[in-house]
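# Secondary and tertiary structure notes
For reference, the chains in residue letters:
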Amino acid sequence: MSYREQIEVTAPAKINLSLDVTGRRDDGYHEVRMVMQTVRLCDLVRIRKISGTDIVLKNSLSYLPSGKGNLAYDAAVLFREKTGISDGLFIEVEKNIPVAAGLAGGSTDGAAVLCGLNELFETGLSEEQLRGMGLRLGADVPFCIMGGTALAEGIGEKLTKLKNAPKFHVLLVKPPAGVSTKEVYTRLDAMENIMHPDIDGMLRAIGEGSHLGVASKIGNVLEPVTVSMCPEIENIKKQMRSFGCEGALMSGSGPTVFGLFTDRDRAKAAYMHFKIGQYGGQTFLTEFFN
Ligand code: ATP
């Protein structure tokens, strides 16, 4: 019997070191090949057992759904369905990860709730079982459960754990534009000259533990699409480069830009520059987290 009544879990963000779209399935889903990397910037998720059978969600951002539609809530519903547990739950999510930003902010909250509940109720589900459950919430959720450095294929659910990528300091800057992932993929489908990133080259660079290799192989097939809707992305990349980053790229479907730095002082100087500028509220200095 468990006497534990509450648990706190961290829900870290991810960046895509490399993102390619390799096809489109009959059901409309896109097939991808992506190298994913967890970063230390995280949301905090607290879960407490309460009397009754309600799931009550408190979110630090009032504009996010406070029930169905919030991945933290949906994850709790799914977990109870799958395990037959019916205890009431109070879930508190402290959001630090920018929303709709290409950083898997919602997916990681869902993943944290699944993992947190598995611990709280001592249900003993394996990581693989949790990942299977997570896929029902979204294509990025299985990776958020696995964490670290990984290759994601299929629609994102076929995961191969990779050797930890060599560590970088990561500057994240999100321009204010909201970007719809669905629209980015629709526009990609209509595009003719698509530049595919060298995913195999990235895998080799990670295998060799080469900072230079990793930085030179970053690439995102969606970047030109999102840039056409949010040209500030190019300008942010240019500014990051002027501070001596080894590489700068948009993450996921955007619009967040990440800069990779081996030198902490340069990363800090770039962070200060953006922090006092127009994107200051959505500027973060973090690092790879394995
Ligand atoms: P990805 O990188 O996986 O495409 P993203 O970073 O682009 O994700 P999210 O921050 O996950 O996007 O938000 C996408 C949408 O998901 C938001 O518009 C929001 O309404 C919804 N959402 C549901 N639950 C959450 C949550 N817990 N945190 C943030 N957004 C959430």
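A quick note: this is a predicted structure, and the numbers were derived from the prediction, not measured.

Conventions adopted
- Residues numbered from 1 in each chain as written.
- Predicted model: local features only at pLDDT ≥ 70, side-chain atom pairs only at ≥ 80, totals over all residues.
- Heavy atoms only, no water.
- Pairing = 2+ DSSP bridges.
- Helix = DSSP H or I, 4+ residues; strand = E, 2+ residues; numbered from the N terminus.
- Axes fitted to C-alpha atoms, helices over the stretch in contact; angles between N-to-C directions.
- Contact = heavy atoms within 4.5 Å.
- Domains from an automatic or database assignment.
- Buried area = accessible area lost by both parts, 1.4 Å probe.
- Salt bridge = Lys/Arg side-chain N within 4 Å of Asp/Glu carboxyl O.
- Polar contact = N/O pair within 3.5 Å; in protein donor to acceptor, adjacent residues only side chain to side chain.
- Nonpolar A, V, L, I, M, F, W, Y, C, P; charged D, E, K, R; others polar.

Turning our attention to the sheet that holds strand S10 (residues 257-261). Backbone hydrogen bonds are what pair the strands of a sheet, in a parallel or an antiparallel way. Strand order in the open sheet made by the four strands is S9-S10-S7-S11, with antiparallel pairing throughout. Every interior strand has two partners, whereas the edge strands, strand S9 (247-250) and strand S11 (283-287), have only one. Going across the sheet, the axis of each strand differs from the next one's by a mean of 20°, ignoring polarity. The sheet strands contacting helix H9 (residues 232-242) are strand S7 (169-173), S9 and S10, and the helix crosses S10 at an angle near 15°. Its contacts with the sheet place helix H10 (residues 264-275) against S7, S10 and S11, and it is angled at close to 160° to S11.

With that settled, consider the domain arrangement of the chain. How big an interface is tends to be stated in terms of the accessible area lost upon association of its parts. Considered domain by domain, the chain is made up of domain 1 (6-161) and domain 2 (169-287). Spacing between the C-alpha centres of domain 1 and domain 2 amounts to 23 Å. Taken residue by residue, the interface counts 27 residues in domain 1 and 33 residues in domain 2. Of the roughly 2,300 Å² buried between domain 1 and domain 2, counting both surfaces, carbon and sulfur atoms make up 63%. A per-residue breakdown of the area domain 1 buries against domain 2 is headed by Leu17, Leu19 and Arg33, which together make up 22% of the total. The tally of links from domain 1 across to domain 2 stands at three salt bridges. Its salt-bridge partner being Arg40, residue Glu287 comes within 2.9 Å of it at the nearest N-O pair. There are 15 residue pairs in polar contact (both at pLDDT 80 or more) connecting domain 1 and domain 2. Tallied by class, the residues present in the side of domain 1 that touches domain 2 amount to 15 nonpolar, seven polar and five charged.

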